[in-house]
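Structural overview
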Amino acid sequence: MKILNLSLLLPVSLIILAQALPPAYPKIADAVALEAEPFSLHRVRLLDGPFKKGQEIAVDYLLRLEPDRFLANFRKDAGLKPKAEHYGGWESQGVSGHTGGHYLSACALAYASTGDKRFLDRVNYITAELAECQKANADGYVAAIPDGRKIYAEIAAGNIRSGGFDLNGGWVPNYTLHKIFAGLRDAYRLCGNHQALEVSRKLADWFETTHAKLSVDQMQDILIAEFGGLNETFADLYSDTGDERYLQLARRFHHKAITDPLARREDILPGTHANTQIPKLVGSARTYEITGDAADQVAAEFFWDRVVNHHSYITGGHCDHEHFGEPGKLNHRLSNDTTETCNVYNMLKLSRHLFSWKPRGEIADFHERALLNHMRASQHPDGRVIYNLTLRPGGPKHYQTLFDSFTCCVASGLENHVRYGEAIYFHHDDQLWVNLFIASELDWKERGVRLRQETRWPYGDTSTFIIETKQSQPFTLRLRHPHWALDGIRVRINDEEPQANSKPAGYFEITRTWKSGDRVVLEYPMKLRSESMPDNPKRIGVFYGPTLLAGDLGPWNDPDASKPDYVPAMVTDGKPPADWVKPVSLAELKFRTAGAGKPRDVDLIPFFAIHDRRQTVFFDIYDTAEWTDRQAEILAARKREAELAARTVDLLRIGEQQPEKDRNLQGEKTRAGDSGGRKWRDAVDGGWFSFEMAVAPDLPNELHCTYWGGETGDREFDIVVDGTVIATRRLYQDKPGEFFEVVHEIPEDLTHGKNKITIRFQAHPGKLAGGLFGVRTIR
C-alpha cells in the first residue's frame, strides 16, 4: 500500500497539535559561542547536478516506503493491532524500530530539504502513531525492541549483563532507542511537531526512572554495549526543554573507557568497533557546546584528527570489517568489508560540529572528500545503498536490498542523500563561508540575501555566485580554496580580478558592500594527481581534482575475475599520473591509462559513478626494472590469493562481535581480545567456545585455523565438529614472532548433505583452547 497523504488519516485535533501548538519550553542557549553556524536545510535548495539527482533518487525511495510497516512492531509491543506487516531484515530482529527512527529523521530532513508536504504528513502521522503507542503503554515507554520491557526491568533491578552488541540478551537496545530519540528530535526541530517533543520527554522520563538506582560503575557496565549517541539526544532534549535531568542523563552516558583516554590524547582506537565509538564523540561535541566542558572538546577534536588523518582511506571512509586497525596501517586492510557507510554518516556529523567551533579548510576538505567519494559512491541509481563500500582491488560494490534488509547502513542511508545541503554554507554575523561547490541556492533570510551557486562541479572547475539583496550591505564572503587546487584559484568580481590571498586548505576572503546582481566567478583548476597508502607509497589512487577515479575492470560477474593479473599493475617509472593517464572526455570525467597497464590498460571513471561493475581504486606501481624482476613473483602471489579465495566456503572474523553473532557463537569461560590489530578468542580452565560455519555439502572440506606462533602456557584443546573430535592441538612457541596456519581435514561423513556445521574448541581440563586468530572452511 502506498499512502499518498497520511495526514488524511489523522484526526484534525492531532494535526493542530502537531503543527500549531506553541513552544512549551524555553530553548537553552549554548555555553559555547560558535564561530560559524550551518544553515538550516530549510534555507538551502539544490540545483541540477549529481547531488540534486541523488536527492531525487532518495526522495522517490522514501516515498515508496510504508510508515505503517515501520510502525507495526511498535503497535504490537504496545498491545495494539498492527496496521500492516512489519518489514523484514533487521526490522524483524533484535533492533526492530531502529530503521523507524531513522525513517522519521529522513522524512523530516527531506521536508526541510525540499519543502515537499508529503514528508511533513508522514512526520506528523508517525509521531501521532508513536504517541498512541506510548499512551497504550501508560508509563512513557515506546519501542519495538523484542523483550524490551524484560531487558529494562532487569537493568532497573541492577541485573546487568553487557557485551559489545548484547545487553541482557538484547541486541543493542540503547542503540535502537537512540534512533527513536533522534527521529523525534528531528520531527520537532525540522517540522515544528511539538507532539514529538512531548513523546520524547515522556520516553526520557521513563528512561531516567529505569536507570535511577544504578551506580556509576553499573552505568559504565551498561555502556560496554553499543548505545549509539544517547548522550547527544539527551543533551539536545535538555537544550530544547531546559530540564536539567536530561543533561544529567547525557552525562551518565559518558563512556569513560573510550572518551577519557581520548581527552588525554591517547589513541585507543585500534581493535575497537569503529561505529560504536563515533556517536559517543558526536555526543561529547554536543555536550561541550551546551556546557563548555573542555575535556569534551579535546576528546572530540582528538578523535576526529586520529580518524581522519591516521585511520581513513582515500575515500574519506575508514575501518575494515567494522573495526579500527593500527594507525597508518591500511595497506593490508583491503577486503569486501572496508569502509562502513554508517561511520561516514557519523563522521560528517562530527565534522559539522568541529567546523562550527573553529572554521578550518581542513575540515571542509574532509567533508568534501567523504561526501563525494564515499556517500555519492554508496547510492545505486535505483535507490539501493551500501553497507560496506569495498575498496578491495577487483571487487564490485555490494548493495543492500530495497525492502528486506534494513541494516544499520540502510537505515542511516535513508538520511544520507536528503541532507546534502547541510554543510555547503556556514555563517556568523557578517561572514558567509562557501565550503562545498554543489549547485544550490541559499536564502540568508536574516540579512535579506540570496546566493545562487551555479556550477557543474565535480564535472567542471568553476562556480559562479550570483547575489540578490534587498539593500546593499557589507559582509565577508569566504570561498574555500580546496587542498587539491595546488596551482591556485582565480576569482573575478564583476569581471574584476582581485589580488589572490589564499592557499590550499584555506579561504579566499572578499569583504565589500554587496548589491543585487553582483557576480563572483571562482575557478579552481583541476588536474590529475595521486595519493598513496600511508604504509605503502607504491600503492596509489588516482584523482582528478577532488574526484577519485576507479579502474573499470569489467562486469560484476566477469569470468576473468579470478585470474591473478585481473587487476593490472601500472609500470610508470616514477612519472606522475598526467604522463600515463589520458583524458577521453573531461566533460564526463572519463580517462584511460596509456601504455602503463600490465597486462592491459583500463578506463578510469569517477568512483561515485561506477555501478554493477568490478573496479579498483588502488593501483600498484612499478618501474620497468622492478616489474621485470618481480613479475613472476607478484603474479604467483596473486594466484595463490585468488585460488584460496575461490576455494573458501566461509570465513569467520573470530573475536569480532557481529560476525560471531551471525554464526551463533556460544561458550563458557571464553574471552576475546586484540593483539597487534588482530582479534582473537580463547577459552580458559577447561572452557570452550563454538560457532557455526558453512561447508560445501558434497565435496571434501578443510578447516584452516590461524594461530600466533609465540604462544606459551598450557594450551591444549580438541577441535570438535558436530560432536566428533577431528583434531587435538597443543600450542607452544610453534613459530615465534609470526602467525601460522594449521589445516585440518573434515571427514566427509560430517559434512555430507549439510550446508553448515558447528565447530567447538574444547580446552582440556585445567588448560586453554586457542587463541584462535582466524578460521575458514575450504573446499
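All of these numbers come straight from a predicted model, not from anything done at the bench.

**Comments concerning the overall build of the protein**
Scanning the protein from terminus to terminus reveals 19 helices and 33 strands. For 779 residues, the compact-globule formula gives about 28 Å, and the C-alpha radius of gyration of the protein, at 27 Å, lands near that figure. Projecting the C-alpha coordinates of the protein onto the three principal axes gives extents of approximately 85 × 75 × 50 Å. Going through the 779 residues of the protein one by one, you find that 60% of them count as buried. A sequence separation of at least 24 residues applies to 72% of the contacts in the protein between residues at least 6 apart. When the 96 positive and 107 negative side-chain charges of the protein are each reduced to one mean point, those points stand 2 Å apart.

**A few points about the side chain of Thr-476**
Looking at the secondary structure, you find Thr-476 in strand β10 (residues 473-481). For Thr-476, a relative accessible area of 9% translates into the label buried. Ignoring anything within four residues of it in the chain, the contact list for Thr-476 reads Asp-430, Gln-431, Leu-432, Glu-509, Ile-510 and Thr-511.

**A look at the packing of aromatic side chains**
Counting across every chain of the model gives 39 aromatic pairs. Measuring from ring centre to ring centre gives 4.7 Å for Tyr-141 and Trp-206, while their planes differ by 55°; the resulting arrangement is tilted. Note that Tyr-141 is positioned in the loop between α5 (117-137) and α6 (148-156) and Trp-206 in helix α8 (residues 194-211), a separation of 65 residues in sequence. An identical accessibility class is assigned to Tyr-141 and Trp-206; each is buried. Ring geometry for Tyr-707 versus Phe-717: centroids 6.2 Å apart, planes at 50°, classification tilted. With Tyr-707 in strand β27 (residues 701-708) and Phe-717 in strand β28 (residues 715-721), this residue pair connects regions lying ten residues apart in the sequence. You'll find Tyr-707 and Phe-717 in the same group, each marked buried. Members of the aromatic cluster, each reached through a chain of ring pairs, are Tyr-141, Tyr-152, Phe-181, Trp-206, Phe-207, Phe-227, Phe-234 and Phe-253.

**A word on unusual backbone geometry**
Backbone phi values are negative for most residues with the exception of glycine, while trans is the configuration of most peptide bonds. The amide bond that connects Lys-598 to the next residue, Pro-599, takes the cis arrangement and shows omega of 15°. Here Pro-599 lies in the loop between β20 (597-598) and β21 (603-606). With an omega of 5°, the peptide bond between Gly-770 and Gly-771 qualifies as cis. As for its position among the elements, Gly-771 is in strand β32 (residues 769-772). Positioned with a positive phi, Val-172 is a non-glycine residue whose angle comes to about 35°. Assignment of secondary structure puts Val-172 in the loop between β4 (170-171) and α7 (173-191). Even without being a glycine, Asn-494 presents a positive backbone phi close to 50°. Among the structural elements, Asn-494 can be located in the loop between β11 (490-493) and β12 (506-514).

**Let's talk about the environment of Met-375**
With respect to the element layout, Met-375 can be found in helix α16 (residues 361-375). For the pair Met-375 and Val-385, spaced ten residues apart in sequence, the C-alpha separation works out to 9.3 Å. Each residue touching Met-375, except ones within four places of it in the same chain, is listed here: Thr-341, Val-344, Tyr-345, Leu-348, Ala-370, Asn-416 and His-417.

**Details of the sheet that holds β27**
Overall, antiparallel pairing links the four strands, which are arranged β24-β33-β27-β30 in an open sheet. Bordering the open sheet on either side are β24 (648-652) and β30 (739-746), each of which pairs with just one other strand. Shown here is a sheet whose adjacent strand axes are inclined to one another by a mean of 20°, direction ignored. The strands touched by helix α18 (residues 624-647) are β24, β27 and β33 (774-778); relative to β24, the strand with the most contacts, the crossing angle is about 90°.

**Here's the deal with α6**
Owing to its 3.6 residues per turn, the α-helix brings residues three or four apart onto one side. Within α6, burial applies to Gly-148, Ile-151, Tyr-152, Glu-154 and Ile-155. One side of α6 holds all its buried residues, which, seen down the axis, span an arc of 155°. Buried residues along α6 sit in contact with β3 (166-167), β4, α7, α8 and α9 (216-222). Among the residues trailing α6, Gly-158 stands out with phi positive, at a value near 85°.

**Side note on the packing of helix α3 (residues 67-77) against α5**
As a packed pair, α3 and α5 sit with axes 9 Å apart at the nearest point and diverge in direction by 10°. Overall, the two elements α3 and α5 adopt an arrangement that is roughly parallel. Every residue of α5 that contacts α3 at Pro-67, Asp-68, Leu-71, Phe-74, Arg-75 and Asp-77 is listed here: Arg-122, Tyr-125, Ile-126, Glu-129, Leu-130, Glu-132, Cys-133 and Asn-137. Counted by class, the contact of α3 with α5 contains seven nonpolar, one polar and six charged residues.

**Observations concerning the packing of helix α14 (residues 294-310) against α16**
The geometry of α14 relative to α16 is characterised by a closest axis approach of 12 Å and an angle of 55° between their N-to-C directions. As the angle between them shows, α14 and α16 are arranged oblique. As α14 runs across α16, the sense of the crossing is left-handed. Residues Trp-304, Val-308 and Asn-309 of α14 form the contact with α16, whose own contacting residues are Glu-362, Ile-363 and Phe-366. Along the lines of polarity and charge, the residues of the contact of α14 with α16 split into four nonpolar, one polar and one charged.

**Here's the deal with the pattern of salt bridges**
Overall, the coordinates contain 65 salt bridges when judged by the stated rule. Overlapping salt bridges bring together Lys-27, Asp-30, Arg-185, Asp-186, Arg-189, Glu-232, Asp-236, Asp-240, Arg-286 and Glu-289 as one network.

**Considering the sheet that holds β12**
Strand order across the open sheet formed by five strands is β1-β5-β6-β10-β12, with mixed pairing between neighbours. Every interior strand has two partners, whereas the edge strands, β1 (37-38) and β12, have only one. Sheet contacts for helix α15 (residues 341-357): β1, β5 (425-428), β6 (431-434) and β12; angle to β5, the most-contacted strand, approximately 30°. In this fold α16 packs onto β10 and β12, with an angle of close to 60° to the strand it touches most, β10.

**Here we look at the pairing of β21**
The side chains of a regular strand alternate between both faces of the sheet. Note that strand β16 (residues 547-555) and β21 share four bridges and pair antiparallel. For Ala-550, the partnering residue across the bridge sits in β21 and is Ile-605. Judged from the two bridges that link them, strand β19 (residues 590-593) and β21 form a sheet pairing that is antiparallel. For Arg-592, the partnering residue across the bridge sits in β21 and is Asp-603.

**Here's the deal with the nonpolar core**
Counting residues in hydrophobic clusters, the biggest one holds 111 residues, and the most contacted among them are Phe-303 and Leu-479. Considering every element that reaches this core, the biggest residue donor is α15, with eight residues. The residues contacting Phe-303, other than those within four sequence positions of it, are Leu-262, Leu-269, Gln-277, Ile-278, Leu-281, Phe-324, Met-347 and Leu-350. In terms of nonpolar packing, the next biggest core, distinct from the first, is built from 76 residues, Tyr-87, Cys-107, Leu-230 and Leu-414 among them.

Cut-offs applied
Residues numbered from 1 in each chain as written. Predicted model: local features only at pLDDT ≥ 70, side-chain atom pairs only at ≥ 80, totals over all residues. Heavy atoms only, no water. Helix = DSSP H or I, 4+ residues; strand = E, 2+ residues; numbered from the N terminus. Rg over C-alpha atoms; globule rule 2.2 N^0.38 Å. Buried < 20%, exposed > 50% of the residue type's maximum accessible area, 1.4 Å probe, protein only. Contact = heavy atoms within 4.5 Å. Lys, Arg positive; Asp, Glu negative; His and termini not counted. Charge placed at Lys NZ, Arg CZ, Asp CG, Glu CD. Phe/Tyr/Trp six-rings, centres within 6.5 Å; stacked < 30°, edge-to-face > 60°. Pairing = 2+ DSSP bridges. Axes fitted to C-alpha atoms, helices over the stretch in contact; angles between N-to-C directions. Arc of directions from axis to C-beta. Parallel < 35°, antiparallel > 145°, perpendicular 65-115°, else oblique. Nonpolar A, V, L, I, M, F, W, Y, C, P; charged D, E, K, R; others polar. Left-handed = near helix turned anticlockwise from the far one by under 90°. Salt bridge = Lys/Arg side-chain N within 4 Å of Asp/Glu carboxyl O. Core = buried A, V, L, I, M, F, W, Y, C linked by side-chain atoms within 4.5 Å.

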